Amino acid sequence: KRVAVLISGRGSNMQALVEAARAPDYPAEIALVISNRPEAPGLAWAKDQGLHTLALDHNLYESREHFEGQLQSVLGLAKIDLIALAGFMRLMTADFVNRWQGRMINIHPSLLPAFKGLDTHEQALAAGVRISGCTVHFVVPEMDAGPIIGQAAVPVLPADTPETLAGRVLAAEHRLYPAMMAVVARGQAHMAETGLVWQRTDF
Ligand code: GRF
């Protein structure tokens, strides 16, 4: 499977995906790394790694539709099969999301459906939860709401700050995302109208 990873910043999840995809038996290749911010540190890292990279500065497009139109044509030219959002901070239109339904995944730093949106670690600490974690899910038009592909849990400790919790969750993200992208790339999990479907033979 040819994968495009979309980033907006640091790109540590993209780095984890790139490193996992180096394994000879990994069922996907990172064919393209795209950032909506040209100055994203992850883009420079990807370029240094010799990966194909592209900056699509959303400020250069007068509408979301124009930005997505350019994105769509690049994805088509690169024959991309699967989009992995990794710290991509732009909401996609329902039209784009529906076109990539079942072929676009995202990682969110909480145990969805808890703590959707931003500042998830602040939300978790404010709620006093004892367990937090991260979720890989198929993307649907509603934000942070698609069928869950996998989750990883981490403890919340009494002395935790948003930063210490974020660090613990991020380490789990870097293990979960490569594993779940492989599950999707192998077709072991896919998105049906009714939600997520596992292939019984593999689990
Ligand atoms: C991660 O916490 C991820 O869960 C969320 O935004 C952050 C991106 O980090 N989507 P990075 O850019 O992958 O380092």
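Calculation notes
Residues numbered from 1 in each chain as written. Predicted model: local features only at pLDDT ≥ 70, side-chain atom pairs only at ≥ 80, totals over all residues. Heavy atoms only, no water. UniProt positions renumbered as here; feature names shortened; annotations may be inferred. Buried < 20%, exposed > 50% of the residue type's maximum accessible area, 1.4 Å probe, protein only. Helix = DSSP H or I, 4+ residues; strand = E, 2+ residues; numbered from the N terminus. Arc of directions from axis to C-beta. Contact = heavy atoms within 4.5 Å. Near = heavy atom within 4 Å. Polar contact = N/O pair within 3.5 Å; in protein donor to acceptor, adjacent residues only side chain to side chain. Areas by Shrake-Rupley, 256 points an atom, 1.4 Å probe, with all protein chains shown as cover. 1 Å grid on protein atoms, 1.4 Å probe; cavity = no way out; pocket = protein on both sides within 12 Å on 5 of 7 lines; lining within 4 Å. Sits in = over half its atoms within 2 Å of the grid points. Nonpolar A, V, L, I, M, F, W, Y, C, P; charged D, E, K, R; others polar. Points joined across faces, edges and corners; volume = space filled by probe spheres on them.

The protein chain carries the name Phosphoribosylglycinamide formyltransferase in an unreviewed UniProt entry, which gives Hyphomicrobium nitrativorans NL23 as its organism. Check the Pathway (unreviewed entry) section of the UniProt entry for the protein chain; it says "Purine metabolism; IMP biosynthesis via de novo pathway; N(2)-formyl-N(1)-(5-phospho-D-ribosyl)glycinamide from N(1)-(5-phospho-D-ribosyl)glycinamide (10-formyl THF route): step 1/1." What the UniProt record of the protein chain gives under Sequence similarities (unreviewed entry) is the line "Belongs to the GART family."

(A) Up close: helix H2 (residues 41-48). Residues of H2 that are buried: Gly 42, Leu 43, Trp 45 and Ala 46. Looking straight down H2, one finds that the buried residues subtend no more than 160° of arc, so they occupy a single side. The exposed residues of H2 that point more than 90 degrees off its buried face are Lys 47 and Asp 48. Contact partners of the buried residues in H2: strand E1 (2-7), helix H1 (12-20), strand E2 (29-35) and strand E3 (53-55). With its phi angle positive at about 80°, Gly 50 sits one or two positions after the end of H2.

(B) Summary view of the site of the ligand. Around the ligand, the neighbouring residues are Arg 10, Gly 11, Ser 12, Asn 13, Gly 87, Ile 107, Pro 109, Leu 170 and Glu 173. Between the ligand and the protein, one listed contact pairs an oxygen atom with a side-chain N or O atom of Arg 10 at 2.5 Å. At 2.9 Å, a backbone N or O of Asn 13 approaches an oxygen atom of the ligand. Contact with the protein chains covers 84% of the free accessible surface of the ligand, which is 360 Å². With respect to the detected pockets, the ligand is housed in the largest pocket. Elements supplying a minimum of two residues to the shell around the ligand: H1 and helix H6 (162-185). When the residues that make up the shell around the ligand are grouped by side-chain class, the tally is three nonpolar, four polar and two charged.

(C) Local environment of the layout of surface pockets. Each pocket or cavity is described by its volume, and for the largest pocket that value is around 1000 Å³. Lining the largest pocket are 36 residues, with Gly 87, Met 89, Ile 107, Pro 109 and Leu 118 sitting closest to its centre. Counting residues per element, the ones that place at least two in the lining of the largest pocket are H1, strand E5 (104-108), helix H5 (120-127) and H6. For the lining of the largest pocket, the leading source of residues is H6, giving five residues. Its residues assigned to classes, the lining of the largest pocket comprises 17 nonpolar, 11 polar and eight charged.

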